[in-house]
Structure formats: structure tokens, C-alpha cells
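# Descriptive structure summary
Listed below are the residues making up each chain.
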Amino acid sequence: MRGQRTSDAGRADGRRPGTEAAPRTAGGEARKQQTCDARRADDGSLRIVGPGYRLTVAPHGRTAVLDAEGHRLELQLCGALDRVGVRDETLSVDPPQLDTAGPHPVVTVTRRGTAWEAAATRVVCTPDGPELTWEVRGEGLLDEVALLATRAAFGGRGGGPRPSGHAWSTLFTPNPGPPRRLVRGAGESATLGVCGDAGPGRGHWFFTPAPLCLAFTATPLPDDAPPETAGARPWLTAGLGAPVRELTFTTCDYVPSDQGWHLRLAYEGHTRVSGSFRTPALLLSPGHRDPYAGLRAHRAWLAARAWAPEAADGAQGRGERPAWWFEPMFCGWGAQCHRAAETGRPAPELSTRAEYDAHLAALGAHGLVPGTVVIDDKWQRVYASWHPDPAKWPDLRGWIAERHATGQRVLLWWRAWATEGAPAAHCVRTPDGRPVALDPGHPGAAARLAENVARMLSPDGLDADGLKIDFTADTPSGACLTGHGTGWGVALLYDQLTVIHGAAKEAKRDALVVTHTPHPAFAAVTDMIRLNDMLRLDDPEPWAPVVPQMRYRAAVAAASCPGTPVDTDDWCAPDRDQWRRYAAVKHELGVPALYAATHVDRTGEPLEESDYAALRAGWARWRAGRAAGGDEERKEARGEPR
């Protein structure tokens, strides 16, 4: 069973909220550092006025009203932190206390509940907005945690589940869902985290994890409206922050209700409270002109507290990034899928030297020489040993050397969490011992990961140049599962990528590690953010316009991980027309990636000479833009879409 060091959880430096140095401004981008005025009114309520917002805490302490630049929220302050086997119901609440001794006013509400010896909510009223944390004292394993909602056992009309209230109309999530949609109604759910797949209600696997930050506006918007639509009223963000290894939940769910909402964190019984525990901080930040401005502010808030690296200090500083990282890429998966349709064989069987030689020859015949080649699923014999399959790649090291001789680099596709070929003892397991995920918390598994990365990338091994990491959404989830170490959820994925990324850099300093993890903290363990698949092919009607969806994803990556290059992806295009439309704008979004060699695989439509000509022109435009730098580079450094 997993534990967590819980004393003063949620702080990188061990200090309690309200005693830290004044943070950098994270709210509206033009907002300057200002103080918040706080006082107790004659009726016993607390009234705090900050830049762009007013918070009024009721005399009984159970609720507060937040008025913030076009938003009015009734906040349920108590929260509910369930223990495994014990629901957290609030029995009584003390009047709110106000502390103005520190740099920001702090409101504390203590309550008596059914799950813990003591519980309290702290609200630090910063210039960026109110920052809330929920604290408990006692012993037990965390189950579900509800933020801004409570289960009241007061009796009478006040009893039962009580969510917070809102008056917004539109919700923006940085985690892509249905590809036709860019925003959604405030009455719809949303999930941020590290789990997902093709099943109903679980199609939120494109970014795992996305930034833990949602945005809301009172302006009703069509679901295909660009989130930066002019004329929308100011956006308010709700963002979670803590040191990444304290993010031991698998998902953060936005839970809507009748004019209500709250956030739910799934700890799944893998975080032990022994003494005290504090949730991640939740910052309600008003006054953003669009969601991307809100995401930039969210990242700045995390960085100011050392919960994420500075913008240019990610996995590899901007000045150190090799030029070859920005070369156009060819990934063979789309070509493998087309050949699968032609031959009737499974696409993973077609990750072979002969097939890749044919794909590259077809491109070369049309004047297209990618700077980087990605060998996709399944080049290895078994997923968790990462030895080349000798029937498919009889001399993979020699083939990589041939690519190097032509000035090209080679990335190897990597399936995260795979257990095939790994000892069961190295894995997260079910109660009957069945392995479900390689466990980076196990010393043997961590060593296995590092050894295999070294063998793949070191000059004495295969001498590949980096990894394309996929299936991070397979992060294990389940209260019954057991493993080693203290990590779970977001933290466990971070632990795995820390091992992989560190081993990659040890093997080859300029190794490129590509992930689809645009959470700001993960910029420390990734070198490039992949935008991921265009479509959810398991949807009943998967067709969707590509360009708006991929612009949205690129903008999320740029806002959350500024300075980190973007892999534009290329699979799976709905049809040739949409493939052409996206190919024409890739140079505006990031490193051009190509998955097709001769045909668009979903429809079987062949590429025409005009398509190859357009690709040549697009790659030339991208390379010229990289050489010129200038405004494009400055935009990237600021985290703005190009």
C-alpha cells in the first residue's frame, strides 16, 4: 500500500500558506502586485477586496461569495476528504477566523466531521485571487476528495451533498476530448489526469496529464468556437498546484450539477494520512482575456512556487537545444496502417526494415528527406524488454548507423507502462498477482528502465537518438492494486518519466524525449510535446475538422510549457482534404511531422504530386523560419502560438 509524507503537504518549502513571500502575479496579465484589504463586518462576515475580485465569507463559515470580473460564485468552503471505508460528513462549522499578520489576508474555517480528528479550510487572499487548501488531521487512507463541495449532516434543510454555485455558461478544458469540440457547456463534465482510453466517458487521453487548470466564462459559446473568441467576457480559471510528487491522484474531475459544480480528486486509497494532510492549492483566478492567457498565468503561478520549472528551463534550456530536434519528422505508423489495409496484416507486424526502407525511398523519390525518422510499434520483441525483433530488424544498430551517415536521426517508439516480458514483482499488480503496469517505484523496475534506455540510445548500444513515449494514459488506476514506493497517479507517471528521461540524457546528452504530457511540471522530464492523434477512431462518427482541434492543442502546449518544442503529429487524418489542410499550417504550430508515405491510411486516398510539392514547400518554409528566428522565437519564448 502506498504512503505519502503528509506533514505540510502542498508546500515545496514547508511553510504554511499566508507566510510565504508574496508570489508573482498570476491573474490577469496586466495586473500588478497589489495588496488585498480585509475586514470583519458588523454582521460577523469577512470581506476581502482584491484586484478584480471581492470575497465575502458568511458569519457561519460554511459558504463564501466570490464576485470576480463578471463571475459570481457561491463557494462551499468545507470540502469532503473521504477515508477508505469512511465518508467525510460535516457535523458543524466554527465561525471564520481572519489573520492579517502576513503578506496576504488568510481566512481559516474549522469544522467537525466524521472522518478525521480535525479539519479546516484555509483561504489565502492573494492579488491573483483566493487560494484555497483543505487540511485534515488523523490516520487513514484517502479515497475521494471533493473540493468546493461538502456533505452536510446539519439536519433540516441544510443536510446532504452541497456543491458550489456558479453563473458561467462555457467551460474550457486543456485536455482535448471530442475532436469536433473546442469548448463545452458549463453543465458538462471534464477530466484532467493520467488515465483514459477509447471507452465511453474515458476519451480524455490525448494529454496525460494536461495542465490541472479549467477556465470559465459567462459568455455562451458554440462548442466549435475558438476559445480565444473575441467578445467573450473575462475568463476565470480554477487551477490546482503542489509539488508534482504530491499529486498522488489519478484524475481531477469537474463535476457539474444543477447550477452547481465542484472538483473531485481520485486518490483511490493509495495516499496515507499519518498526522496531517493538506490538499493541493486551488487558485480561483479572475480576469483573463482567454483561456490561453489563463494557462500562461497558471504556469507562472506554479513556477513562482517552484512547482514547475521556469519557462525556458525545462528538460533542456533553449540555448542548449540541438538544431536537429527541429528537423521535419517522418513517423512510420500511418504508413504501417495503410500497408495493413493493403496486406490484411496487423499494423504492428509491419514495423520492419524492409517496410521503412520502402517508405523512405518513396519519400526520397519526391524530394522529401526527413531529418528525423521515428520507428513505431512494434519494432521490439516484447514491449518491456526493448530488444529489437530480429525477424523485423535483423541489424537495427546498422540501420541506424546508415541513417546517421545520411545526416538523419532515429527515434524509437516506446509504450509506457508495458509489462510484457517484465517480472511480475517489478509491476503494479492486482490482488491475484496479475501485473498491470511496470512500477517505477520498484528499484528493480527502475533499474530495468534505465538499463534498457541506455542500451537503446548509447553509442555502445543501438545508438538511437531518442524516444517517442506513448500510452501514458495507461497509468494504473484501482484501489485494489498494489505496488512499491510512495507515488500514485500523476506522481507515479512523473516518476517513470524521470527515470526514462534521466537515463536518456545519461546515455546521450542530446537525446530527444517526446511525450504528450503538457502539464507545466512535466517540462522537466520531456523535450517535446506531441499533439497526439487527430481523431478518436472508436467514436461512432470519428470524422472531425482537423485544423481547429490541432491549433487548440498547440496553443495549450505553448501556454503551459513555453519554450518546449511541439511535435505536430499526423495521425489519423479523416481524409485527404483534411490532411492537406493540416499540412498547410503545421509550420505555424511546431515541428512538421509526417505519417504518410504514399497514401492517407484511413481512406486509402493516394498522395498526388501536388501533395509532395506542398510538403516540400512546407518543410522549406519551416526550416527557413527556424533559421531566421526573430519574432517566431520570441512568441515561442512567451508561450504564445506561432
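Scroll up a little and you will see the structure.
Structural notes, computed from the coordinates. Here the structure is a predicted model, which means the values were calculated and not measured.

The rules behind these values
- Residues numbered from 1 in each chain as written.
- Predicted model: local features only at pLDDT ≥ 70, side-chain atom pairs only at ≥ 80, totals over all residues.
- Heavy atoms only, no water.
- Helix = DSSP H or I, 4+ residues; strand = E, 2+ residues; numbered from the N terminus.
- Rg over C-alpha atoms; globule rule 2.2 N^0.38 Å.
- Buried < 20%, exposed > 50% of the residue type's maximum accessible area, 1.4 Å probe, protein only.
- Contact = heavy atoms within 4.5 Å.
- Polar contact = N/O pair within 3.5 Å; in protein donor to acceptor, adjacent residues only side chain to side chain.
- Pairing = 2+ DSSP bridges.
- Axes fitted to C-alpha atoms, helices over the stretch in contact; angles between N-to-C directions.
- Expected span 1.5 Å × (residues − 1).
- 1 Å grid on protein atoms, 1.4 Å probe; cavity = no way out; pocket = protein on both sides within 12 Å on 5 of 7 lines; lining within 4 Å.
- Points joined across faces, edges and corners; volume = space filled by probe spheres on them.
- Nonpolar A, V, L, I, M, F, W, Y, C, P; charged D, E, K, R; others polar.
- Phe/Tyr/Trp six-rings, centres within 6.5 Å; stacked < 30°, edge-to-face > 60°.
- Lys NZ or Arg CZ within 6 Å of the ring centre and 35° of its normal.
- Salt bridge = Lys/Arg side-chain N within 4 Å of Asp/Glu carboxyl O.
- Arc of directions from axis to C-beta.

## Section: the overall build of the protein
- Per the secondary structure count, the protein includes 11 helices and 32 strands.
- For the protein, the C-alpha radius of gyration of 25 Å lies close to 26 Å, the compact-globule estimate for 642 residues.
- Buried positions account for 61% of the 642 residues belonging to the protein.
- Of the contacts made within the protein by residues no fewer than 6 positions apart, 69% connect residues no fewer than 24 positions apart.

## Observations regarding the side chain of arginine 122
- On the secondary structure map, arginine 122 appears in strand 10 (residues 118-126).
- Overall, arginine 122 belongs to the buried group, its relative accessible area being 11%.
- Among the polar contacts made by the side chain of arginine 122, one reaches the side chain of glutamate 135 at a distance of 3.4 Å.

## Concerning the pairing of strand 27 (residues 435-438)
- As judged from the three bridges shared by strand 26 (residues 427-429) and strand 27, these two strands associate in the antiparallel manner. Each bridged residue has a counterpart across the sheet, and for cysteine 427 the counterpart in strand 27 is leucine 438.
- Hairpin connection from strand 26 to strand 27: five residues lie between these consecutive antiparallel strands, with glycine 433 at a positive phi of about 90°.

## Quick word on the sheet that holds strand 32 (residues 593-594)
- Reading across from one edge, 31-30-29-28-25-24-23-32 is the order of the eight strands in this open sheet, with parallel pairing throughout. Single-partner strands in this sheet number two, and they are strand 31 (566-567) and strand 32.
- Judged from the three bridges that link them, strand 23 (residues 329-331) and strand 24 (residues 372-375) form a sheet pairing that is parallel. Looking across to strand 24, one finds that methionine 329 is bridged to threonine 372.
- Of the strands in this sheet, strand 23, strand 24 and strand 32 are in contact with helix 3 (residues 353-364), which crosses strand 24 at around 150°.

## Notes on helix 7 (residues 546-560)
- Over its 15 residues, helix 7 extends 21 Å from the first C-alpha to the last, a length consistent with the 21 Å expected when each residue adds 1.5 Å.
- Within helix 7, 13 of the 15 residues are buried, which leaves it mostly tucked inside the rest of the structure.

## Details of the layout of surface pockets
- When its volume is computed, the largest pocket comes out at roughly 860 Å³.
- Looking at the largest pocket, it is lined by 41 residues, and the ones nearest its centre are Asp197, Ala198, Gly203, Trp205 and Arg536.
- Contributions of two or more residues to the lining of the largest pocket are made by strand 16 (190-193) and strand 28 (466-470).
- Taken together, the residues of the lining of the largest pocket break down into 14 nonpolar, 12 polar and 15 charged.

## What to know about the packing of aromatic side chains
- Evaluated as defined, the whole model comprises 18 aromatic pairs.
- An angle of 85° between the planes, with centres 5.7 Å apart, marks the rings of phenylalanine 172 and tyrosine 292 as edge-to-face. Residue phenylalanine 172 is found in strand 14 (residues 170-172), and its partner tyrosine 292 is found in helix 1 (residues 291-304); the two are separated by 120 residues along the sequence. Across this residue pair, the class does not change: phenylalanine 172 and tyrosine 292 are buried.
- Their ring planes at 70° and their centres at 5.1 Å tell us that tryptophan 393 and tryptophan 399 sit as a pair that is edge-to-face.
- Looking at tryptophan 393, the relative accessible area reads 2%, which means it is buried.
- The class of tryptophan 399 is buried, set by a relative accessible area of 0%.
- Here the aromatic cluster, defined as three or more aromatic residues joined through ring pairs, consists of Trp168, Phe216, Tyr254 and Trp261.
- A cation sits over an aromatic face here: arginine 403 above tryptophan 399, 4.8 Å from the ring centre.
- A cation over an aromatic ring shows up here: arginine 415 above the ring of phenylalanine 471, its NZ or CZ 4.0 Å from the ring centre.

## Observations concerning the pattern of salt bridges
- Counting across every chain of the model gives 41 salt bridges.
- The salt bridge involving aspartate 539 is made with arginine 536; its shortest N-O contact spans 3.0 Å.
- Residue aspartate 539 is classed as partly exposed on the basis of its relative accessible area, which comes to 21%.
- A salt bridge links glutamate 608 to arginine 580, with the shortest nitrogen-to-oxygen separation between them at 3.2 Å. One end of the pair, glutamate 608, is in the loop between strand 32 and helix 10 (609-628); the other, arginine 580, is in helix 8 (residues 576-583), with 28 residues separating them in the sequence.

## Here we look at helix 8
- Those residues of helix 8 lying buried are Arg576, Gln578, Trp579 and Tyr582. Angularly, the buried residues of helix 8 cover 160° about the axis, an arc narrow enough to put them on a single face.
- Where helix 8 begins, the capping side chain belongs to aspartate 575, and its oxygen is found 3.2 Å from the backbone nitrogen of aspartate 577.

## What to know about the environment of tryptophan 168
- When you line up the elements, tryptophan 168 lands in the loop between strand 13 (160-165) and strand 14.
- For the pair formed by tryptophan 168 and leucine 81, sequence separation is 87 residues and the distance between their alpha carbons is 26 Å.
- Beyond its immediate stretch of four places on either side in the chain, tryptophan 168 contacts His71, Leu73, Ala186, Phe216, Thr217, Ala218, Leu236, Tyr254 and Trp261.
- A distance of 3.1 Å separates polar atoms of two side chains, one belonging to tryptophan 168 and the other to histidine 166.
- Polar contacts involving the side chain of tryptophan 168 include one to the side chain of tyrosine 254, which spans 3.3 Å.

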